[in-house]
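If you want the building blocks of each chain, they are given just below.
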Amino acid sequence: MSAAHVAPVAPLHVDGRLEHGAEHPRIDRPRAERAIGDLLLALGRDIGDEGLRETPRRVAAAFEELLTHEPVSLTTFPNEAGYDELVVVKAIPFHSLCMHHLLPFHGVAHVAYLPGERIIGLSKLARVVELFARDLQLQERLTMQVADCLESHLRPKGVGVVIEAEHMCMSLRGVHKPGTRTTTSTLRGLLRDDARTRSEFLALATG
Ligand code: ZN
């Protein structure tokens, strides 16, 4: 591995590892519980009601769980075998919360990269999806963040991310179209610029 190619990306990349997730905002549980109690009052509910008494605590705990992920340590390895074909992990299930409505959206992500000097454990591609999904999100932003993370830390020759998801804010309210799936994609490097690689990925991901 030539040092010239290891541009300064993340400080922790030096020994082939990187840590992520320290930037998640801290959740103030007591404040969230008070706010949910206020929301129930604003919705005209009696928060002394037997069935609602524990709701602020439960809802705050649920949000905390939905917005928290395990610390992720993404170890990369030298690509000693010189593998130079696509690595594709299909149908990684995920769930997230729409930042516009605080309602869930969920679906699958297809993630691919074309290795450069380093490779990464396959399960780590799923961890990267989870890392960014456990946030208040937009599907477009999630798609780009997964691609950006892999691009900056793995320095592959190309990255492709396709996400298909159903949004509760579309299924249960608004346009009321249950079953509608939204597809987003981000292609970088040779997955964007090389027609053969791009169509190979899209065929593998969506086929
Ligand atoms: Zn929404």
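Caption draft 1: Focus on the pattern of salt bridges. For the structure on display, the rule yields nine salt bridges. Residue Arg-53 pairs with Glu-50 through a salt bridge whose shortest N-O separation is 3.5 Å. Between Arg-188 and Asp-148 there is a salt bridge; the shortest N-O distance is 2.5 Å. Note that Arg-188 is positioned in strand β9 (residues 182-189) and Asp-148 in helix α4 (residues 139-154), a separation of 40 residues in sequence. A single network of salt bridges, built from pairs that share partners, joins Arg-29, Glu-33 and Glu-64.

Caption draft 2: Examining the coordination of the zinc ion more closely. Coordination sphere of the zinc ion, protein contribution only: Cys-98 (SG), His-101 (ND1) and Cys-169 (SG), at 2.1 to 2.2 Å. Taken in sequence order, the residues that donate to the zinc ion follow the motif C-x2-H-x67-C. Of this pair, His-101 sits in the loop between β4 (87-98) and β5 (104-114) while Cys-169 sits in helix α5 (residues 168-171), and the two are 68 residues apart along the sequence. Overall, His-101 belongs to the partly exposed group, its relative accessible area being 34%. In this structure Cys-169 comes out as buried when scored by relative accessible area, which is 9%.

Conventions adopted
- Residues numbered from 1 in each chain as written.
- Predicted model: local features only at pLDDT ≥ 70, side-chain atom pairs only at ≥ 80, totals over all residues.
- Heavy atoms only, no water.
- Salt bridge = Lys/Arg side-chain N within 4 Å of Asp/Glu carboxyl O.
- Helix = DSSP H or I, 4+ residues; strand = E, 2+ residues; numbered from the N terminus.
- Donors = N, O, S within 2.8 Å, 3.2 Å for Na, K, Ca; no water.
- Buried < 20%, exposed > 50% of the residue type's maximum accessible area, 1.4 Å probe, protein only.

Geometric values such as these leave the question of function open.
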